[in-house]
Amino acid sequence: MGAGAWGTALANAAARAGRDVVLWGRDGVAMAEMARLRENRADLPGIALDPAVTPTGDLAAVAACDALLLVVPAQACREALERLAPLARPGLPVISCAKGIERGSRAFMSEVIAEVMPKASPAVLSGPSFASDVAAGLPTAVTLAARDAALAVAVTRALGSPTLRLYHSTDVRGVEIGGAAKNVLAIAAGIVAGRRLGASAAAALVARGFAELMRFGRAYGAKAETITGLSGLGDLILTTSGPQSRNFAFGRALGAGEAAGDKLAEGAFTAGVLVEMAAAKGVDVPVSAAVDAVLGGRISIDDAIEALMARPQRAEA
C-alpha cells in the first residue's frame, strides 16, 4: 500500500521472494499507466516491475492479501489505514515501512496501526536500505520486528530472498526509534556537508548523534542491541552518507542556502515531535534540538553550529 519509490522497491523484493504482489496507489490513472509500462517512471525510472507485481488503484485488492506492507509517509499512515480498515479481515498482518513519529499524537506507527485497526497484527520493517538498491536486487539487510515472535519469523521468511536478508526481532519500539531518529540526524549531517564544514565535523556529528539516539532509545524502552543494529546504527550510517538519502539532501540544500525542493524528508516532520518526547523524559538531544530550531526558524544555521560547539566541556558518554 503505497506506490512511491520505497513501495515499488518492496513490491519487487516481495516478488523475488516468490510472492504474488498487489501494488496499490491512490491515483488509479497513474497505476494503470504503471501497469502498462511495467515501470514506475515517476519514482524509480529504469527499473522494471517484476512480472509478479500487479499495480492497481483498487483498495479491495489490497485488503484481500495475506499480508500488507504499509509504505506511505508516516504522517499519512493514519488516513491510509482509515481507508483500509472497513475492508480488512481480522488478524491481517500490517507491516509499517514508514520511518517517523506522528505529530500531535506522538504515536509510533505500530501504535497508529493498533488504534485504527485493533484487530490487525502490527509489525515494523526498517533498516539501511535505499529504494533503488532494493528495487534493483542489490544485496540489502533489514530488520522485521513484531511483538508476536511467530509473526516476525513468518514475515521474515515470506519476504527474505537471495538479495534481501531480514533479521527478526520483538523490539518493535527500538526498530521504530532508530528509523525515526536517524532521519533527523541525517538532516544535520546534510547541513554539515552543505556548509562545507569538513569530514572531521561530519564524523563528530554522526558519533554524537548516535549517542543521543542511544539515550532516547533507552528512555523509551529500546534494547541496546537494536539501536546498535541494522535499524539503528546501520540505518544512521547509510542515511548520513550522501545525497541519495532524501533527508541528507534536504539538509545539504539548507546548509548551502539553496531551495530544499519538494522531495519528501521525513525527518523534517519528525524533528519537533522527537524533541518534545525527549524533553518529556529529560533526555538531552542537542543535535536534534538544533535541527528542530533551524527548521522552525528560531535560530540560524551558523548560530546553531556555534551553540553546539560552545556547549560545556564534559566527559564523553
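Only a predicted model underlies this, so the values are computations on that prediction, with no experimental measurement involved.

About the cut-offs
- Residues numbered from 1 in each chain as written.
- Predicted model: local features only at pLDDT ≥ 70, side-chain atom pairs only at ≥ 80, totals over all residues.
- Heavy atoms only, no water.
- Pairing = 2+ DSSP bridges.
- Helix = DSSP H or I, 4+ residues; strand = E, 2+ residues; numbered from the N terminus.
- Axes fitted to C-alpha atoms, helices over the stretch in contact; angles between N-to-C directions.
- Contact = heavy atoms within 4.5 Å.
- UniProt positions renumbered as here; feature names shortened; annotations may be inferred.
- Buried < 20%, exposed > 50% of the residue type's maximum accessible area, 1.4 Å probe, protein only.
- Polar contact = N/O pair within 3.5 Å; in protein donor to acceptor, adjacent residues only side chain to side chain.
- Right-handed = clockwise from strand over helix to strand, strands pointing away.
- Parallel < 35°, antiparallel > 145°, perpendicular 65-115°, else oblique.
- Nonpolar A, V, L, I, M, F, W, Y, C, P; charged D, E, K, R; others polar.
- Phe/Tyr/Trp six-rings, centres within 6.5 Å; stacked < 30°, edge-to-face > 60°.
- Lys NZ or Arg CZ within 6 Å of the ring centre and 35° of its normal.
- Salt bridge = Lys/Arg side-chain N within 4 Å of Asp/Glu carboxyl O.

**Let's talk about the sheet that holds strand β4 (residues 93-96)**
Argument step 1. Read across the open sheet, the five strands follow the order β3-β4-β5-β6-β7; overall the sheet is mixed. Two strands bound the open sheet, and with one partner strand each, they are β3 (68-70) and β7 (164-169). The average undirected angle you get between the axes of adjacent strands in this sheet is 25 degrees.
Argument step 2. Relative to the sheet, helix α8 (residues 172-194) contacts β5 (121-126) and β6 (140-145), its axis offset from that of β5 by approximately 40 degrees.

**Digging into the UniProt feature "binding site: substrate" (unreviewed entry) in the protein**
Argument step 1. Residues annotated in UniProt with the feature "binding site: substrate" (unreviewed entry) correspond here to K99, R246 and N247. Spanning 149 residues, the annotated positions come together in the fold, the maximum distance between their C-alpha atoms being 12.4 Å.
Argument step 2. K99 gets classed as buried once you look at its relative accessible area, which sits at 12%.
Argument step 3. Setting aside residues up to four positions removed in sequence, K99 forms contacts with S126, G127, S129, G179, A180, K182, N183, D235, E266 and T270.
Argument step 4. At a separation of 3.0 Å, a polar atom in the side chain of K99 contacts the main-chain carbonyl oxygen of G127.

**With respect to the UniProt feature "binding site: NAD(+)" (unreviewed entry) in the protein**
Argument step 1. The sites that UniProt annotates as "binding site: NAD(+)" (unreviewed entry) are G2, A3, G4, A5, W6, G7, A131, R246 and K263.
Argument step 2. Considering the arrangement of structural elements, one finds G2 in the segment before α1 (5-16).
Argument step 3. Once residues within four sequence positions are removed from consideration, G2 is found in contact with G7, T8, L23, W24, V71 and V72.
Argument step 4. Mapped onto the elements, R246 comes out in helix α12 (residues 246-255).
Argument step 5. A residue is classified by how much of its surface remains accessible, and R246, at 33% relative accessible area, is partly exposed.

**Re the pairing of β4**
Argument step 1. Going residue by residue along β4, you find P93 and I95 tucked away on one face and V94 and S96 tucked away on the opposite face as well.
Argument step 2. Direction of pairing for β3 relative to β4: parallel, over a ladder of three bridges. In the strand pairing of β4, L68 is matched with V94.
Argument step 3. Assessed by its sense of winding, the connection that carries the chain from β3 through helix α4 (residues 77-84) to β4 is right-handed.

**Considering the environment of A152**
Argument step 1. Position of A152 among the secondary structure elements: in helix α7 (residues 149-159).
Argument step 2. Exposure remark for A152: the relative accessible area of 0% places this residue in the buried category.
Argument step 3. If we skip the residues at most four places from it in the chain, A152 touches L144, A146, H168 and S169.

**So, the packing of α8 against helix α13 (residues 266-280)**
Argument step 1. Relative orientation of the contacting elements α8 and α13 amounts to 110 degrees, with a least axis distance of 8 Å. On the basis of their axis angle, the class for α8 and α13 is roughly perpendicular. In contact with A180, A181, N183, V184 and I187 of α8, α13 contributes E266, G267, A268, T270, A271 and L274.
Argument step 2. Here the residues of the contact of α8 with α13 are counted per class, giving seven nonpolar, three polar and one charged.

**Quick notes on the packing of aromatic side chains**
Argument step 1. Within the structure shown, the criterion is met by one aromatic pair.
Argument step 2. One residue, K281, lies across the ring of Y220, its end atom 5.0 Å from the ring centre.

**Regarding the pattern of salt bridges**
Argument step 1. If you walk through the whole model with that rule in mind, you get 14 salt bridges.
Argument step 2. E176 serves as the salt-bridge partner of R173, at 2.5 Å between the closest nitrogen and oxygen. You can see R173 and its partner E176 sitting in helix α8, three residues apart, about one turn around the helix. Here the two residues R173 and E176 agree in accessibility, since each one is buried.
Argument step 3. Note that K182 is salt-bridged to D235, the shortest N-O span being 3.9 Å.

**Some thoughts on the environment of A253**
Argument step 1. Summarising the element assignment, A253 is placed in helix α12.
Argument step 2. Among the residues examined, A253 registers a relative accessible area of 7% and is labelled buried.
Argument step 3. For the pair A253 and L44, spaced 209 residues apart in the sequence, the C-alpha separation amounts to 22 Å.
Argument step 4. Filtering out sequence-adjacent residues up to four positions away, A253 remains in contact with E258, A259 and A260.

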